[in-house]
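Close look at the chain arrangement
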Amino acid sequence: MLLGAAAVAAGLGAAAAAGLLLGNEVGQRGVTGSGTVEETPMAGSAAPHLSGTDPVSGEAVRLSDFRGRTLVVTVWASWCPQCRRQAGPMQRFADKNRETAILGIDVQDDRVAAKDFVAAAHWTHPSIADPDGRLSARLGVAELPTTYFFTRDHRLAATASGYASLEELDAGLAQAEAAG
C-alpha cells in the first residue's frame, strides 16, 4: 500500500508539473475546497478530449456524449479519504442538478474498488477509468478530489480543489452557467 501511495504522489506531482509546463491561462475565478475564491488555472480553456471505459459498467464514455450541457468533471479515487467525504455532497448535487452532465475520472483504482465506492456513494453518473493517471495529468490535477465546472460549450469556468461542500459545488456550477 505504501508503494501505491508513493506512486500516486508521484503521479499527482507529474500532473501538477504538466499543468505548469503546458502553461496556464489565468483570469477566471474558481472555488476551492476551503471555501475561498482564487484564480483558476486554464480558465476559458476547452475541456480536453476525454474518453475511456467506465470502471463499473465497462461501457465506453466520451466527453462528446455531453455536448450542449453544462459539465461537471470530478476526479476521484476510492482510496482517497477526501473523495469518500465528498461522495455524499456530490450525489446530492447530482440529484438536484439533473440537467447538468456529471462525469467522473477514477484515478489509479482497480475495478472492484471503484465499483464498491460507486455503490456505497449511490452514484449514477459515469466515470472514466484512469488507471495510470494520464487523464488526470492532462487535466492538471494536483490533489484529490478535484472538480472542474465547464460551460455548455465545455470551456472551463471554475475549479474546486480538494473537498468541496454542496454549497461549493453549487457555486462552481453557478459560475459555469453564468459564463455561458
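Residues numbered from 1 in each chain as written. Predicted model: local features only at pLDDT ≥ 70, side-chain atom pairs only at ≥ 80, totals over all residues. Heavy atoms only, no water.

A short note on the pairing of strand β5 (residues 71-76)
Defined as follows: The classification of residues rests on relative accessible area computed with a 1.4 Å probe and restricted to protein chains. Under 20% of the type maximum is buried, over 50% is exposed, and intermediate values are partly exposed. Here a strand is any run of E in DSSP of at least two residues, a helix any run of H or I of at least four, and the numbering for each starts at the N terminus. At least two DSSP bridges between two strands are required for those strands to pair. Call a crossover right-handed when, viewed with both strands pointing away from you, the route from the first strand across the helix to the second goes clockwise.
Across the six residues of β5, six count as buried, placing the element largely inside the fold. What you see with β5 is no split at all: Leu71, Val73 and Val75 on one side and Val72, Thr74 and Trp76 on the other are buried throughout. One ladder, built from six bridges, connects β5 with strand β6 (residues 101-107); its direction is parallel. Residue Val72 lies in a different strand from β6, and its bridge partner there is Ile102. Running through helix α2 (residues 81-96), the crossover from β5 to the neighbouring parallel element β6 is right-handed. With five bridges connecting them, β5 and strand β8 (residues 146-150) associate as antiparallel partners.

Looking at the nonpolar core
Condition: Here, nonpolar core means buried Ala, Val, Leu, Ile, Met, Phe, Trp, Tyr and Cys residues that are tied together by side-chain atoms lying within 4.5 Å of each other. Contact criterion: two residues are considered in contact whenever any of their non-hydrogen atoms come within 4.5 Å of each other.
The biggest cluster of nonpolar side chains holds 43 residues, and the ones touching the most others in it are Phe93, Ile105 and Phe149. At the level of secondary structure, the elements contributing two or more residues to this core comprise β5, α2, β6, α3 (111-121), α4 (134-139), β8, β9 (156-161) and α5 (166-179). Once you skip the residues sitting within four places of it in the chain, Ile105 turns out to touch Leu50, Val73, Thr74, Val75, Trp76, Ser127, Ile128, Asp130, Leu135 and Leu139.

Structural notes on α3
Which entries qualify depends on this criterion: Regarding the arc, it is the one traced by the directions from the helix axis to the C-beta atoms.
Restricting attention to buried positions, one finds in α3 the residues Ala114, Phe117, Val118 and Ala121. Each buried residue of α3 sits inside an arc of 95° when the element is viewed along its axis, so together they form one side. Across α3 from its buried face, at more than 90 degrees, point the exposed residues Val112, Asp116, Ala119 and Ala120. As for α3, its buried residues are in contact with β5, α2 and β6. Looking at the residues trailing α3, positive phi occurs at His122, about 60°.

Read these as geometric descriptors, not functional statements.
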